[in-house]
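What follows is the residue order along each chain.
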Amino acid sequence: ALQVQNDHSDAAASDLNRRMQFQNKLAGVCEEMCKEVGAYPKCTQCPKFVEPDSTPGVMTWDELLEHMDNLVNWGQDQVKGWHKQASALQVQNDHSDAAASELNRRMRFQNKLAG
């Protein structure tokens, strides 16, 4: 029964793959048809149609503002990462300072015992 179920799921996955290929092929045909009848690029009938950039190579104000927002978010993430890294280094230094202090005390104690 398990083998039959696997065969069905494999067939379903294969069928889904074929359907996606077919739809992708149709999407290209749909776009070409719209170009032929003069509806391109204002084609609203094509599934998942993405209008081409109306200003290629030029950044509009809206694109610039979006880019600036993305830079702000990226910068904030970078600063957070730097703070975490600095905190980790500071904790590491505190531990090494404590270890050095402990070692110094032990040496003084051993020197006192020795002499």
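Structural notes, computed from the coordinates. This is a predicted model, so every value here is computed, not measured.

Quick word on a nonpolar patch on the surface
- A cluster of nonpolar side chains, contributed by Met68, Leu71 and Trp74, occupies part of the molecular surface with about 330 Å² of accessible area.
- Note that Leu71 resides in helix H2 (residues 61–114).
- A residue is classified by how much of its surface remains accessible, and Leu71, at 41% relative accessible area, is partly exposed.

Concerning the pattern of salt bridges
- Scanning the entire structure with this criterion turns up two salt bridges.
- As a salt-bridge pair, Glu102 and Arg105 come within 3.6 Å of each other at their nearest N and O atoms. Pair noted here: Glu102 and Arg105 are both in helix H2, with a separation of three residues, about one helical turn.
- Residue Glu102 is classed as partly exposed on the basis of its relative accessible area of 35%.
- Assessed through its relative accessible area of 48%, Arg105 is described here as partly exposed.
- The closest approach of N and O atoms between Arg106 and Glu102, which form a salt bridge, is 3.3 Å. Of this pair, Arg106 and Glu102 both sit in helix H2, four residues apart, roughly one helical turn.
- Residue classification places Arg106 among the exposed residues on the basis of a relative accessible area of 53%.
- One network of salt bridges, in which partners are shared, links Glu102, Arg105 and Arg106.

Overview of a negative patch on the surface
- On the surface, a cluster of negative charge is made up of Asp53, Asp62, Glu63, Glu66 and Asp69.
- For Asp53, the location among the structural elements is in the loop between helix H1 (2–37) and H2.

Cut-offs applied
Residues numbered from 1 in each chain as written. Predicted model: local features only at pLDDT ≥ 70, side-chain atom pairs only at ≥ 80, totals over all residues. Heavy atoms only, no water. Patch = residues over 30% accessible without salt bridge, like charges linked within 9 Å, V, L, I, M, F, W, Y side chains within 5 Å. Areas by Shrake-Rupley, 256 points an atom, 1.4 Å probe, with all protein chains shown as cover. Salt bridge = Lys/Arg side-chain N within 4 Å of Asp/Glu carboxyl O. Helix = DSSP H or I, 4+ residues; strand = E, 2+ residues; numbered from the N terminus. Buried < 20%, exposed > 50% of the residue type's maximum accessible area, 1.4 Å probe, protein only. Lys, Arg positive; Asp, Glu negative; His and termini not counted. Charge placed at Lys NZ, Arg CZ, Asp CG, Glu CD.

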